[in-house]
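One-letter residues, chain by chain:
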Amino acid sequence: FNQCISSGLPVEKIGVGVDSFWSPADSDLSREILELPLSVPVILTVADNQERKGLPIGIEAVSQLPFEFVYVIVSSIGGWDLYDLAKRYGILKQVRIENSEKFDHRYIREYYRAADLLLNTSLAEGIGLPLYEAQSCGCPVVAARYTSIE
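Bear in mind that the values here come from a model prediction, so they are computed numbers and not experimental data. (Residues numbered from 1 in each chain as written. Predicted model: local features only at pLDDT ≥ 70, side-chain atom pairs only at ≥ 80, totals over all residues. Heavy atoms only, no water.)

## Points about the packing of aromatic side chains
For any pair of aromatic rings, the description consists of the separation of the ring centres together with the inter-plane angle of the planes.
Logical step 1: In the structure shown here, the tally under the stated rule is 4 aromatic pairs.
Logical step 2: When the ring of Trp 22 is compared with that of Tyr 112, the centres are 5.6 Å apart and the planes differ by 65 degrees; the resulting orientation is edge-to-face. Of this pair, Trp 22 sits in the loop between helix H1 (2-6) and helix H2 (27-34) while Tyr 112 is found in helix H5 (residues 105-114), placing the two residues 90 residues apart along the sequence.
Logical step 3: Residue classification places Trp 22 among the buried positions, given a relative accessible area of 9%.
Logical step 4: In this structure Tyr 112 comes out as buried when scored by relative accessible area, which is 0%.
Logical step 5: With centroids separated by 6.0 Å and ring planes inclined at 35 degrees, the aromatic side chains of Phe 103 and Tyr 111 adopt a geometry described as tilted. (Phe/Tyr/Trp six-rings, centres within 6.5 Å; stacked < 30°, edge-to-face > 60°. Helix = DSSP H or I, 4+ residues; strand = E, 2+ residues; numbered from the N terminus. Buried < 20%, exposed > 50% of the residue type's maximum accessible area, 1.4 Å probe, protein only.)

## Notes on the side chain of Ser 63
Logical step 1: With respect to the helices, strands and loops of the structure, Ser 63 is situated in helix H3 (residues 55-63).
Logical step 2: At a separation of 3.2 Å, a polar atom in the side chain of Ser 63 contacts the side chain of Gln 64. (Polar contact = N/O pair within 3.5 Å; in protein donor to acceptor, adjacent residues only side chain to side chain.)

## Re the environment of Val 74
Logical step 1: Relative to the helices and strands, Val 74 is located in strand S2 (residues 70-75).
Logical step 2: Of the residues examined, Val 74 reaches a relative accessible area of 1% and is grouped as buried.
Logical step 3: For the pair formed by Val 74 and Phe 103, sequence separation is 29 residues and the distance between their alpha carbons is 9.2 Å.
Logical step 4: In this structure, Val 74 is in contact with Leu 44, Thr 45, Val 46, Ala 47, Glu 98, Ser 100, Phe 103, Ile 108 and Tyr 111, ignoring residues within four places of it in sequence. (Contact = heavy atoms within 4.5 Å.)

## Some remarks on the state of the cysteines
Logical step 1: Applying the stated criterion across every chain yields a total of 0 disulfides.
Logical step 2: Sulfur of Cys 137: no disulfide; nearest cysteine sulfur belongs to Cys 139 and is 8.1 Å away.
Logical step 3: Classification of Cys 137 as buried rests on a relative accessible area of 4%.
Logical step 4: Residue Cys 139 is classed as buried on the basis of its relative accessible area, which comes to 2%. (Disulfide = S-S within 2.5 Å.)

## Focus: unusual backbone geometry
What you tend to see is this: most non-glycine residues have negative phi, and most peptide bonds are trans.
Logical step 1: For Glu 35, which is not a glycine, the phi torsion comes out positive at approximately 60 degrees.
Logical step 2: Assignment of secondary structure puts Glu 35 in the loop between H2 and strand S1 (42-46).
Logical step 3: Judged by its relative accessible area of 68%, Glu 35 is exposed.

## Here's the deal with the sheet that holds S1
Logical step 1: Pairing in this open sheet of 5 strands is parallel, and the strands run S3-S2-S1-S4-S5 from one edge to the other. Edge positions in the open sheet fall to strand S3 (95-99) and strand S5 (141-143), since each of these has one partner strand only. Strand-to-strand twist of the sheet, defined as the mean angle between neighbouring strand axes without regard to direction, takes the value 20 degrees.
Logical step 2: One ladder, built from 5 bridges, connects S1 with S2; its direction is parallel. (Pairing = 2+ DSSP bridges. Axes fitted to C-alpha atoms, helices over the stretch in contact; angles between N-to-C directions.)

Structure follows, in structure tokens:
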């Protein structure tokens, strides 16, 4: 870096990670904004609806939980039929599926703030920005042990 500067090359620093936009806030307020219940845990997945993201793994996993919960999946349209999977595992009434293409980052940030846990079931991942974003908003992460996530 310093050699580039001293040689006169144009240099621009690019930040790594997430910026201060992804920050913690009152989870109860976020739940009110998103119309999520205050009385049960909220589990969140933010991922494109592609095979490598392992969304069926998440639906199957949460279906085994022995307590009430809300499972929010913020995902793109296409790919897996998430409603059918939720119905097949008997949790359709506990699942909310949101089309990520309709949201800007402010809504996704509110979901991170409202959630008790981000569940990432990706089988292959590059950087995995939702993990960084969630943690920056104070949301704990449980993730599969694959590629860059490990």
